[in-house]
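# Structural description and commentary
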Amino acid sequence: MRQLRSLILSASAAAALTSLAVSPYPQLEIKADRFFDQKEWAQAAATYDLMLDEKPHIPATYGRAIVSSTMAGDTAAGIRLFSMALDNHVPFDSVFSRVRSTSFELGRTDLYERLLLDIKKEHPWMRRTVNAYLLRYYSFRRDGRNMVAYADIMLQGAPDNIGFLSTKAQGQMLTGAKEASVATYGEVLRLDPDNYPALLELGNWYALDALPGSPEASLAAEYLGKAYSLRPTPHVAAILSRLGYPPAAPESKKQTR
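Given the structure is predicted, the values throughout are model-derived calculations rather than measurements.

## Re the packing of aromatic side chains
- Per the stated rule, a full pass over the model turns up 12 aromatic pairs.
- Ring plane angle 85° and centroid distance 6.2 Å describe the contact between Phe104 and Tyr112, whose orientation is recorded as edge-to-face.
- Under the relative-accessibility criterion, Tyr112 is labelled buried at 3%.
- Ring geometry for Phe104 and Phe140: centres 5.2 Å apart, planes at 35°, overall tilted. Note that Phe104 is positioned in helix α6 (residues 92-105) and Phe140 in helix α8 (residues 127-140), a separation of 36 residues in sequence.
- One aromatic cluster is present, formed by Phe104, Tyr112, Tyr137, Tyr138, Phe140 and Tyr150 through successive ring pairs.
- When the ring centre of Tyr25 is taken as reference, the NZ or CZ atom of Lys55 above it lies at 4.3 Å.
- Its end group placed over the ring of Tyr133, Arg136 keeps NZ or CZ at 4.5 Å from the ring centre.

## Quick notes on the side chain of Thr109
- Along the chain, Thr109 turns up in helix α7 (residues 109-122).
- By relative accessible area, which is 16% here, Thr109 ends up buried.
- For Thr109, the contacting residues outside a window of four places in its chain are Ser103, Phe104, Tyr137 and Arg141.

## Some points on helix α3 (residues 41-54)
- For α3, with 14 residues, the first-to-last C-alpha span of 20 Å sits near the 20 Å given by 1.5 Å per residue.
- Taken together, the buried positions of α3 are Trp41, Ala42, Ala44, Ala45, Ala46, Thr47, Tyr48, Leu50, Met51 and Leu52.

## Quick notes on unusual backbone geometry
- Despite not being glycine, Lys39 has its phi angle at roughly 60°, a positive value.
- For Lys39, the location among the structural elements is in the loop between α2 (25-37) and α3.
- You can call Lys39 exposed: its relative accessible area is 51%.
- At His89, a residue that is not glycine, the phi angle is positive and equals roughly 60°.
- Position of His89 among the secondary structure elements: in the loop between α5 (77-87) and α6.

## Some points on helix α11 (residues 178-191)
- The end-to-end C-alpha distance of α11, which contains 14 residues, comes to 20 Å, matching closely the 20 Å that a straight helix rising 1.5 Å per residue would cover.
- Buried within α11 are the following residues: Ser181, Val182, Thr184, Tyr185, Val188 and Leu189. Here the buried residues of α11 occupy an arc of 165° about the axis, which is enough to place them on one side. Exposed residues pointing more than 90 degrees away from the buried face of α11 are listed as Glu179, Ala183 and Arg190.

Cut-offs and rules
Residues numbered from 1 in each chain as written. Predicted model: local features only at pLDDT ≥ 70, side-chain atom pairs only at ≥ 80, totals over all residues. Heavy atoms only, no water. Phe/Tyr/Trp six-rings, centres within 6.5 Å; stacked < 30°, edge-to-face > 60°. Buried < 20%, exposed > 50% of the residue type's maximum accessible area, 1.4 Å probe, protein only. Helix = DSSP H or I, 4+ residues; strand = E, 2+ residues; numbered from the N terminus. Lys NZ or Arg CZ within 6 Å of the ring centre and 35° of its normal. Contact = heavy atoms within 4.5 Å. Expected span 1.5 Å × (residues − 1). Arc of directions from axis to C-beta.

Right, dumping it as structure tokens:
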């Protein structure tokens, strides 16, 4: 069945190449986009390949070429086209962003993930760069397990990085490892005592189900009080009041003549 499918895809691509070989570039672009919009993946992939043969320096073409080829069943196309982009001095982040936006538009975010994983395997020198992109991807997906795993990988080379620590803490909270998350947020505050998101997260954690006068209420007030001093909001003020620690009203600015 797989061989038959490959033969069909190859035949479709060959037919597309034959019919489009003499088309000028603007016509190729129109036809490629039409094939793509109609989800005729093999024809789209073949036409985008022709466009890249003629103009291999355009990042947008790589995004659609990689996605349409993968959708057509050519799982090796991502690496081939990415290597072609590098050979033609196309910035890799431009290729990543185009594949990301194109796959997300189709509702197939896994295509972007697959490309990153394949690149990490085939180009070991890009491993740390790709891991950073994967960390952002898993953060977007709210994939707590992978957020923690990839944050730990990145922290091996940058143990005091606030962003990686914050992402790890968020991932720990998502996976239910709440005590570990509290400890990680504590590490963030050790490095950056005025880190507003960490103050809010810890304050809200201790405020959850805390009774006025309890040790938890006191800890919540400590974190939320500092957060309020940095950025006063009605929401934080309401929580502090509920806990029995109403914040002082901010002083009004003096009028100047």
